[in-house]
Amino acid sequence: MTKTFKTLDDFLGTHFIYTYDNGWEYEWYAKNDHTVDYRIHGGMVAGRWVKDQEANIVMLTEGIYKVAWTEPTGTDVALDFLPNENKVNGTIFFPKWVQDHPEITVTFQNDHIDLMEASREKYATYPKLVVPEFAHITYTGDAGQNNEDVIAEAPYKGLPDDIRNGQYFDQNYHRINK
Ligand SMILES: C=Cc1ccc(O)cc1
């Protein structure tokens, strides 16, 4: 995609895949002005996927966007997107229990909100694991807002490549193999 991002509206509805400098690969979708979906392909919690996470999304200055949210696990996330430079800076603040028991969070979280909330009470919060990293954006797609097909199945090996190779979405940004 060669579009230049200028406004908040340019950002909303955009779908990204990026790899952090520590090797962690994430896929993330600005679903609308207060909601994000994502899927995790590599890193400490690879295999986790989430829809309809409420988030704060703003444009800081032309073409630069800040997104922040807190999760049912107690994990906090702050992301700065510079899509015109294919760059993200992200900081993830993991409670200790996610570092100790990542497997509990590696699931489709929407079906297990009660387990996330119970785990954050049951296990330790501190000391938190803070992960501040730059990432390189390897894919940018204009999915449109509120597109339920963007993040609609569990991550599998090769999914990011299928998307990057144009084998995953049709012309209307709907999934080809449903
Ligand atoms: C913990 C979620 C999360 C989602 C996207 C991202 O870039 C970092 C963290």
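Residues numbered from 1 in each chain as written. Predicted model: local features only at pLDDT ≥ 70, side-chain atom pairs only at ≥ 80, totals over all residues. Heavy atoms only, no water.

Once that is clear, we can look at the environment of Gly42. Here Gly42 shows up in the loop between strand 3 (35-40) and strand 4 (49-54). On the basis of relative accessible area, Gly42 is assigned to the buried category, the value being 13%. C-alpha of Gly42 to C-alpha of Lys157: the two residues are 115 residues apart in sequence and 9.6 Å apart in space. Once residues lying within four places of it in the same chain are set aside, the contact partners of Gly42 are Trp24, Glu25 and Tyr26. (Helix = DSSP H or I, 4+ residues; strand = E, 2+ residues; numbered from the N terminus. Buried < 20%, exposed > 50% of the residue type's maximum accessible area, 1.4 Å probe, protein only. Contact = heavy atoms within 4.5 Å.)

Under the present numbering, the feature "active site" (unreviewed entry) in UniProt falls on Tyr26 and Glu71. From the list above, the largest cavity is lined by Tyr26 and Glu71. Structurally, Tyr26 is set in strand 2 (residues 25-32). Overall, the relative accessible area of 9% leaves Tyr26 in the buried class. Residues within four places of Tyr26 in sequence aside, it is in contact with Phe16, Ile17, Tyr18, Tyr20, Arg39, Ile40, Gly42, Val45 and Ile92. (UniProt positions renumbered as here; feature names shortened; annotations may be inferred. 1 Å grid on protein atoms, 1.4 Å probe; cavity = no way out; pocket = protein on both sides within 12 Å on 5 of 7 lines; lining within 4 Å.)

Attention now goes to the nonpolar core. By size, the foremost hydrophobic cluster in this structure holds 33 residues, and its most contacted members are Phe11, Tyr18, Trp28, Val67, Trp69, Leu79 and Phe81. Elements supplying a minimum of two residues to this core: strand 1 (14-20), strand 2, strand 3, strand 6 (64-70), strand 7 (76-82), strand 8 (87-94), helix 2 (96-100) and strand 9 (129-142). Apart from the residues within four sequence positions on either side, Tyr18 is in contact with Trp24, Glu25, Tyr26, Trp28, Leu79, Phe81, Val88, Ala135, His136, Ile137 and Thr138. In this structure, Val150, Leu159, Tyr168 and Phe169 belong to the second largest nonpolar core, which totals 13 residues. (Core = buried A, V, L, I, M, F, W, Y, C linked by side-chain atoms within 4.5 Å.)

Here we come to the packing of aromatic side chains. As enumerated under the stated definition, the model contains 17 aromatic pairs in all. Taking the centre distance of 5.5 Å and the plane angle of 85 degrees together, the rings of Tyr20 and Tyr26 count as edge-to-face. Comparing Tyr20 with Tyr26, the two get one shared label, buried. Grouped by ring-pair contacts, the aromatic residues Phe5, Phe11, Phe16, Tyr18, Tyr20, Tyr26, Trp28, Tyr65 and Phe81 constitute a single cluster. The ring centre of Phe5 lies 4.9 Å from the NZ or CZ of Lys3, which sits over that ring. (Phe/Tyr/Trp six-rings, centres within 6.5 Å; stacked < 30°, edge-to-face > 60°. Lys NZ or Arg CZ within 6 Å of the ring centre and 35° of its normal.)

Attention shifts here to the sheet that holds strand 3. By definition, the strands of a sheet pair up through backbone hydrogen bonds, in either a parallel or an antiparallel sense. If you trace the 9 strands from one edge of the open sheet to the other, you get 4-3-2-1-9-8-7-6-5, paired in antiparallel fashion. Since the sheet does not close on itself, it has two edges, and those belong to strand 4 and strand 5 (56-61), each with one partner. Shown here is a sheet whose adjacent strand axes are inclined to one another by a mean of 25 degrees, direction ignored. (Pairing = 2+ DSSP bridges. Axes fitted to C-alpha atoms, helices over the stretch in contact; angles between N-to-C directions.)

Around the ligand, the neighbouring residues are Tyr18, Tyr20, Tyr26, Trp28, Tyr38, Trp69, Glu71, Val77, Leu79 and Ile92. Contact distances for the ligand include 2.5 Å between an oxygen atom and a side-chain N or O atom of Tyr18. Here the ligand has 280 Å² of accessible area as a free molecule, and 99% of this is covered by the chains. At the level of secondary structure, the elements contributing two or more residues to the shell around the ligand comprise strand 1, strand 2 and strand 7. A breakdown of the residues in the shell around the ligand according to their chemical character gives 9 nonpolar, no polar and 1 charged. (Near = heavy atom within 4 Å. Polar contact = N/O pair within 3.5 Å; in protein donor to acceptor, adjacent residues only side chain to side chain. Areas by Shrake-Rupley, 256 points an atom, 1.4 Å probe, with all protein chains shown as cover. Nonpolar A, V, L, I, M, F, W, Y, C, P; charged D, E, K, R; others polar.)

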